[in-house]
Amino acid sequence: MTGISRRELLGTAMVTSALVNARPVFGMALAAAGGRDPRVEALIAAMTPREKAGQLTLMASAIGGRAATALNPPGTAAGAAAQIAAARAGELTGVFNGEGSGWHRRLQDAAVNSRLGIPMIFAADVIHGFRTIFPVPLAEAASFDPGLAQRTARVAAIEAAAAGIDWTFAPMVDIARDSRWGRGVEGAGEDVLLGRLFAAARVAGFQGRSLTDPDAVAACAKHFAAYGAGEAGLDYNSVDMSERTLREIYFPPFESALGAGAASVMAAFNEISGIPATANHWLLSDVLRGEWGFRGLVVSDYTADEELIAHGFARDGRDAARLAFLAGVDMSMQSGLYLAHLPELVASGAVPVARLDEAVRRVLTLKAAVGLLDDPFRRLGAGRERRLVRRPAHLALALEAARRAIVLLKNDGNLLPLAQGQRVALIGPFAAGAHDLIGPWNVYGDDGEAVDLATGLRAALRDPALLTVAAGSGVEAALPGGIGAAVAAARAADVVVLAIGEAANMSGEAQSRTDVTVPAPQRDLVRAVVATGKPVVIVLTTGRALALDDAVLAAPAILVSWFLGSAAGTAIAETLVGHSAPSGRLPVSFPIESGQEPYHYDHKPTGRPQPPGALQPYKARYRTVPNLARFAFGHGLTYGQMVYGDPDVGGGELGWNHTIDVSVLVTNTGKTDASEVVQVYVHARSASVTQPVRRLIAFRRCRIAPGTSETVHFVLDRKDLGFTGIDGRATVEPGRFDIWIAPSAEAGQPAQIELQPPIASASAP
Ligand code: NOJ
């Protein structure tokens with residue numbers, strides 16, 4: 001399978017105009033220099049083996065971003081004085097998650113005064129914004145608008161670069177099909193098409209027009225590969241997987257990120273079928289370099305080379321360094337093993353000097369590409385950070401992104417939007433305080449600068465005196481007297497907004513859950529409040545798909561608000577009162593019960609599918625529930641009412657070298673203008689490799705005025721019907737396909753199309 005082109009991105013998604021601007025910057029910069037930068041070659045010729053190993057050694061900054069220390073165990077990182085000494089000795093290539101351009105300037109001063117004066121590179125996890133915090137990536141994926149993610153990544157890059165950051169450990173492009181895994185929050189969800197589009201968009205946003213621009217940061221596609229597929233949803237856990245599935249599901253977002261010019265790749269923590277990714281030569285060298293032609297840098301994850309010992313793959317630190325390095329990891333993060341062992345490994349002949357030079361060349365080429373060899377202080381100008389962070393336009397984008405990420409799961413009786421003039425009880429652990437609303441993976445964000453829900457709602461209500469606020473419960477523990485106070489507040493109100501769900505620290509790294517439900521004390525709160533008989537709107541804060549039980553489902557209206565960043569409270573409140581209409585779609589399937597995980601809409605059919613309707617014996621179902629989603633991938637209501645007609649596929653015949661126009665009539669029978677995401681799914685009735693029950697191949701967002709209809713067209717060709725063959729190569733087979741044009745992955749009735757075989761002279765793709 002080859003990387004998808006921008007034409008393909010545009011052709012399949014129909015909504016990716018922003019990607020037109022994506023440029024494979026890094027590849028082009030290298031090509032312009034014929035692949036070799038003379039300054040880089042001169043440095044390599046002058047370097048000692050120890051200086052070379054130093055260029056391959058990255059450490060967590062001794063003076064860290066606010067959340068960095070909590071997020072990364074300190075490992076072997078040295079104190080500030082020791083890091084300055086290491087920089088002065090040419091033994092530290094850079095630091096990550098450091099705070100403040102003043103500190104970075106001190107380090108850079110030391111580095112440029114080292115023997116060869118090679119500048120340091122400053123990296124950071126800029127996952128959903130820098131100082132302006134955007135919705136978590138999963139929430140942004142709910143917009144089904146990669147262009148939005150490109151814009152937020154651009155602003156995040158502008159702010160990070162203003163604070164001296166050259167390189168971000170983002171985007172995370174891992175497909176996440178198991179909601180127990182905590183890190184789905186950092187990616188674009190369970191679907192491959194969304195994963196590809198958002199990967200490319202984020203890279204384009206971070207890297208901007210040219211990596212040398214002072215407001216660009218180099219991107220890092222992570223975690224290569226299949227990190228999201230750890231057994232039982234447990235973070236860091238083993239993955240045992242066919243090469244075909246790797247190529248069809250887990251690789252494509254990486255290929256898209258590289259196609260968009262990503263400068264670097266981070267190897268994953270997990271093993272794949274017995275070989276840890278960090279020591280996986282097939283993965284990091286044969287596929288990444290050999291097949292895909294990637295010329296950028298591969299960095300390890302945090303101490304992942306050293307962890308080869310715990311995996312039971314390496315004997316000791318020396319062996320771990322050797323294995324990771326020879327497999328293709330150019331730079332070691334945080335273990336210090338490369339500096340400790342590479343000079344001796346080269347001297348003893350265990351590692352070829354050419355491999356050492358190759359890795360150093362990649363690091364120096366990255367430093368050259370981000371402009372550091374021209375000006376080591378390029379992103380370290382005094383005052384830039386103050387001038388460029390949290391500008392009004394950035395905060396406005398944070399609000400726009402937050403509004404567009406919200407998903408309306410249900411709205412019985414059109415309870416939403418809330419009429420003004422009602423007494424509103426805002427209840428729940430997320431009613432007041434922004435910490436949990438903004439999200440789990442922002443190193444530099446400040447809760448104090450974000451808007452919480454109570455503040456947002458006070459501003460959105462015409463009469464703020466009509467709002468009462470009660471916590472009701474803690475996140476995972478009951479509050480003494482909490483339910484009593486909440487019930488009293490509900491009784492005294494006309495309508496209740498219940499802000500419940502997961503705390504920020506329940507998602508993210510090392511936050512796997514066995515039970516993906518709203519924590520029990522909050523469910524008790526919901527039960528008690530719903531029992532008052534007052535209309536209840538649930539606002540669900542979450543970083544993953546949740547299994548919502550009857551207590552939660554009893555509420556007539558449910559909004560998923562994820563973790564929305566700096567403008568969370570404003571965006572939610574505006575949506576509640578109808579100043580903004582929800583338009584997001586689920587990028588992950590909400591299962592009926594936790595035990596279905598890993599549940600993803602694009603699962604394979606079995607030989608004994610459970611037919612629609614009552615549960616039947618000896619069918620693929622659970623004792624109590626069918627294997628369906630409670631709220632399917634792609635689902636999301638608006639304040640309009642959308643009615644879909646049957647798909648129109650014309651005669652249904654698609655010639656091998658032709659296109660087919662498929663369309664559907666969508667009518668807005670509601671009273672408000674609405675934005676609808678029309679989705680196209682296919683299923684191959686019979687193929688040489690079994691195909692998913694449905695697979696998203698295209699989508700288009702359109703606005704439909706109340707009382708009007710629109711015919712939404714998609715032009716497909718045979719590539720849209722392709723899959724990864726048993727030989728691991730892209731394949732298209734003639735045959736019959738079911739096709740749905742529908743509002744979600746489990747809605748609608750299929751039409752049929754038939755892909756005709758090639759005529760004798762035409763060749764297969
Ligand atoms: C470990 C995480 O897996 C990775 O995503 C992150 O970039 C590094 N820590 C550095 O913070």
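### Let's talk about the layout of surface pockets
Alright, step 1. Here the second largest pocket defines a volume of roughly 800 Å³.
Alright, step 2. Lining the second largest pocket are 24 residues, and of these His-603, Pro-609, Gln-610, Leu-628 and Val-693 sit closest to its centre.
Alright, step 3. Broken down by class, the residue content of the lining of the second largest pocket amounts to 13 nonpolar, seven polar and four charged.

### What to know about the domain arrangement of the protein
Alright, step 1. Assigned domains within the protein: domain 1 (125-255), domain 2 (390-596) and domain 3 (640-755).
Alright, step 2. Distance between the C-alpha centres of domain 2 and domain 3: 33 Å.

### Overview of the sheet that holds strand E20 (residues 653-654)
Alright, step 1. The strand order across the open sheet built from five strands is E20-E28-E27-E22-E23, with neighbouring strands paired in mixed fashion. Only two strands of the sheet have a single partner each, and these edge strands are E20 and strand E23 (695-704).
Alright, step 2. Strand direction decides the pairing type here: strand E27 (residues 735-742) and strand E28 (residues 751-755), joined by five bridges, are antiparallel. Bridge assignment links Asp-738 to a residue of E28, and that residue is Gln-752.

### Re the site of the ligand
Alright, step 1. Surveying the vicinity of the ligand reveals 15 residues, the closest of which are Asp-125, Arg-183, Lys-222, His-223 and Asp-301.
Alright, step 2. Within the side chain of Arg-183, a nitrogen or oxygen atom sits 2.6 Å from an oxygen atom of the ligand.
Alright, step 3. Within the side chain of Lys-222, an N or O atom sits 2.8 Å from an oxygen atom of the ligand.
Alright, step 4. In the complex, the protein chains occlude 99% of the 300 Å² of accessible area that the ligand would expose alone.
Alright, step 5. Grouping the constituent residues of the shell around the ligand by class yields seven nonpolar, three polar and five charged.

### Quick word on the pattern of salt bridges
Alright, step 1. All told, the structure shown has 44 salt bridges when counted by the stated rule.
Alright, step 2. Between Glu-248 and Arg-244 there is a salt bridge, and its shortest N-O distance comes to 3.6 Å. Of this pair, Glu-248 and Arg-244 both sit in helix H11 (residues 243-250), four residues apart, which is roughly one turn of the helix.
Alright, step 3. According to the relative accessible area criterion, Glu-248 is buried, its value standing at 12%.
Alright, step 4. Measuring nitrogen to oxygen at the nearest pair gives 2.9 Å for the salt bridge that ties Asp-524 to Arg-527. Within this pair, Asp-524 and its partner Arg-527 are both found in helix H23 (residues 520-530), separated by three residues, close to a single helical turn.
Alright, step 5. One continuous salt-bridge network, built from bridges that share partners, spans Arg-289, Asp-330, Arg-355, Glu-358 and Arg-362.

Rules behind the numbers
- Counting of residues starts from 1 at the beginning of each chain's written sequence and follows it residue by residue.
- Only residues with pLDDT of at least 70 get local features here, since the model is predicted, and only at 80 or more are side-chain atom pairs given and counted; chain-wide, interface and lining totals rely on the full set of residues.
- Hydrogen atoms and water are omitted, and side-chain values are computed over all heavy atoms in the structure.
- Think of a 1 Å grid over just the protein atoms. A cavity is a set of points where a 1.4 Å probe fits yet cannot get out, a pocket is an open set with protein on both sides within 12 Å along at least five of seven lines, and lining residues have an atom within 4 Å of a point.
- Grid points are joined across faces, edges and corners, and a volume is the space filled by probe spheres set on the points.
- Polar here means any residue outside two lists: the nonpolar Ala, Val, Leu, Ile, Met, Phe, Trp, Tyr, Cys and Pro, and the charged Asp, Glu, Lys and Arg; Gly therefore counts as polar.
- Marked domain ranges trace back to an automatic or database domain assignment.
- Note on pairing: DSSP must find at least two bridges between two strands before they are called paired.
- Secondary structure counts use DSSP, requiring at least four H or I residues in a row for a helix and at least two E residues in a row for a strand, with both numbered from the N terminus.
- Nearness here has a simple test: a residue counts as near a molecule or strand if at least one of its heavy atoms is within 4 Å of that partner.
- Distance and chemistry together define a polar contact, namely a pair of N or O atoms within 3.5 Å, with one atom able to donate a hydrogen and the other to accept it when in protein, and with adjacent residues in sequence counting only for side-chain atoms on both sides.
- Under the convention used here, a 1.4 Å probe and the Shrake-Rupley method define accessible areas, while residue burial counts only the protein chains that appear.
- Here, a salt bridge means any side-chain nitrogen of Lys or Arg that lies within 4 Å of a carboxyl oxygen of Asp or Glu.
- The classification of residues rests on relative accessible area computed with a 1.4 Å probe and restricted to protein chains. Under 20% of the type maximum is buried, over 50% is exposed, and intermediate values are partly exposed.

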